[in-house]
Amino acid sequence: MPKLNEHYQDLKESYLFAEIAHRVSAYSAAHPEQTVIRLGIGDVTLPLGSLALEGLHRGVDAMSSPDTFKGYGPEQGYAFLREAISAYYEKNGADVSADDIFISDGAKSDTGNIAELFADDNVILIPDPVYPVYVDSNLMSGRRITYLNGNAENQFLPMPDESIHADIIYLCSPNNPTGAVYNKGQLKIWVDYALKNSAVILFDSAYEAFITDPELPRSIYAIEGAKRCAIEFCSLSKTAGFTGTRCGYTVVPKELVFPASNGAEMSLHAMWNRRQSTKFNGTSYIVQSGAAAVFTEDGMKQCQANIHYYQENARIIADTLTRKNIRFFGGVHSPYIWFECPNQMDSWEFFDYLLNNAQVVGTPGAGFGENGKNYFRLTSFNSHENTIEAMKRFEKLF
Ligand SMILES: *Cc1c(COP(=O)(O)O)cnc(C)c1O
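Since the structure is predicted, the reported quantities are computational estimates derived from the model, not experimental observations.

Caption draft 1: Molecular detail of the nonpolar core. Counting residues in hydrophobic clusters, the biggest one holds 91 residues, and the most contacted among them are Ile169, Ile201, Phe242, Tyr249 and Phe295. Ignoring sequence-local partners within four residues, the contact set of isoleucine 201 consists of Ile169, Leu171, Trp190, Val191, Ala194, Ile220, Cys229, Ala230 and Ile231.

Caption draft 2: Spotlight on the site of the ligand. In the region of the ligand, 14 residues are neighbours, and Asp204, Tyr207, Ser235, Ser237 and Lys238 sit closest. Asparagine 176 is positioned such that a nitrogen or oxygen atom in its side chain is 2.8 Å from an oxygen atom of the ligand. The fraction of the free accessible surface of the ligand (390 Å²) that becomes covered by protein chains is 93%. Going through the elements one at a time, helix H4 (107-113) and helix H7 (236-240) are the ones with two or more residues in the shell around the ligand. Among the residues making up the shell around the ligand, the classes are represented as 6 nonpolar, 4 polar and 4 charged.

Caption draft 3: Examining the sheet that holds strand E4 (residues 145-149) more closely. The strand order E2-E8-E7-E6-E5-E3-E4 describes an open sheet built from 7 strands, whose pairing is mixed. The two strands at the open ends of the sheet, each matched to only one other strand, are strand E2 (101-104) and E4. Across the sheet, the mean angle separating the axes of adjacent strands is 20 degrees when strand polarity is ignored. Direction of pairing for strand E3 (residues 124-128) relative to strand E5 (residues 168-172): parallel, over a ladder of 2 bridges. In the strand pairing of E5, isoleucine 124 is matched with isoleucine 168. Each of E2, strand E7 (230-235) and strand E8 (248-251) is contacted by helix H3 (residues 79-91), which is oriented at about 120 degrees to E2, the strand it contacts most.

Caption draft 4: Quick look at the packing of helix H1 (residues 16-30) against helix H11 (residues 347-358). With their axes 11 Å apart at the nearest point, H1 and H11 run at an angle of 30 degrees to one another. By the angle class used here, H1 and H11 are roughly parallel. As for how H1 packs across H11, the hand of that crossing is right-handed. In this structure, H1 contributes Leu16, Glu19, Ile20, Arg23, Val24 and Tyr27 to the contact, and H11 contributes Trp348, Phe351, Asp352, Leu355 and Asn356.

Caption draft 5: Main features of the packing of helix H10 (residues 297-323) against helix H12 (residues 384-397). Contact geometry of H10 with H12 gives a least axis separation of 10 Å together with a crossing angle of 10 degrees. As judged from the angle between their axes, H10 and H12 are roughly parallel. Of the residues in H12, those in contact with Tyr309, Glu312, Asn313, Ile316, Ile317, Thr320, Leu321 and Arg323 of H10 are His384, Glu385, Thr387, Ile388, Met391, Phe394 and Glu395. Here the contact of H10 with H12 is composed, by residue class, of 7 nonpolar, 4 polar and 4 charged.

Parameters at a glance
Residues numbered from 1 in each chain as written. Predicted model: local features only at pLDDT ≥ 70, side-chain atom pairs only at ≥ 80, totals over all residues. Heavy atoms only, no water. Core = buried A, V, L, I, M, F, W, Y, C linked by side-chain atoms within 4.5 Å. Buried < 20%, exposed > 50% of the residue type's maximum accessible area, 1.4 Å probe, protein only. Contact = heavy atoms within 4.5 Å. Near = heavy atom within 4 Å. Polar contact = N/O pair within 3.5 Å; in protein donor to acceptor, adjacent residues only side chain to side chain. Areas by Shrake-Rupley, 256 points an atom, 1.4 Å probe, with all protein chains shown as cover. Helix = DSSP H or I, 4+ residues; strand = E, 2+ residues; numbered from the N terminus. Nonpolar A, V, L, I, M, F, W, Y, C, P; charged D, E, K, R; others polar. Pairing = 2+ DSSP bridges. Axes fitted to C-alpha atoms, helices over the stretch in contact; angles between N-to-C directions. Parallel < 35°, antiparallel > 145°, perpendicular 65-115°, else oblique. Left-handed = near helix turned anticlockwise from the far one by under 90°.

These figures capture arrangement, not role.
Dropping the structure here:
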């Protein structure tokens, strides 16, 4: 009989989206005449840009002839894509070498798998509320987590407590679910704290392309010293609408070298390379060919046009909340708007209230951690028409 990894018993039932779907279908069955508008979606809805599509087609065509056919690719990803990403970083004010970039099938797998490089007895800081992957991937190996409280007082941007030591720190900016973004000064404090503690920051920048203020950092490597303490995860999912196409990238600087207990020096870059080449055989050439087209100047313009569409929706939601005097976070450099549930409702009560009285679906903050239990997330991933209609209905309620 196998002995099982019983730490899986410690995971909370991942019932959030299943429960939402269940409540929505029960409502629709009872009220077939009502049209329900979904603003809970954490997934892009606009199609890929024409240049990304052409890149994908070129990749497919290459498979048709013996001269251009591709089998297994280079383990870290094709150089043409890593170089394009390195140039993109440069435009965004960060110096990242193509050699330090690993191409993957997305940031979810990498943010989950990175935990394998670290022992089980580290002090691990994870913000709450947060993207659930960081928490669950640590609970799966029985690790203890110290939560960093995000709340209205700190604008959902928790800062380090200098009196506690940490070894590993997860940060996500712009944040899912709160939409909050760290500025350079705040990230500098995190980087200095990590350097002082010899800690590693695991920085998720999946939403960097939503940042419009040039003063806000789009990468942790825009901060002096970050290459000595940070790994960064990014993805084409939200940048280029690749949630179904699948492509991400992770930067593991060669500077990240730490002493092992036997006195040997261990490089996180070398360890990640070993981990990936053992357990992952790369992202398809076809997808990498499409991804490279995203990083051309015109390819990125097409991505920005889609992002702009979502940002308009975010503005419509934000304007409504402002008119109703409901305080919110995010919605500017992020597709997410996060606000306290009106009238002291908890997030599931508010979910039901909004569904029953406005036929609008959002995401209860409780699904993202303790500090989310009185908050609610709306997203801009729907059409203008539906967003406007949803906000008209919302406006009548309060
Ligand atoms: C959507 C999202 C990602 C991207 O995940 P992929 O696996 O690349 O699709 C990463 N981090 C956060 C916080 C996200 O919300």
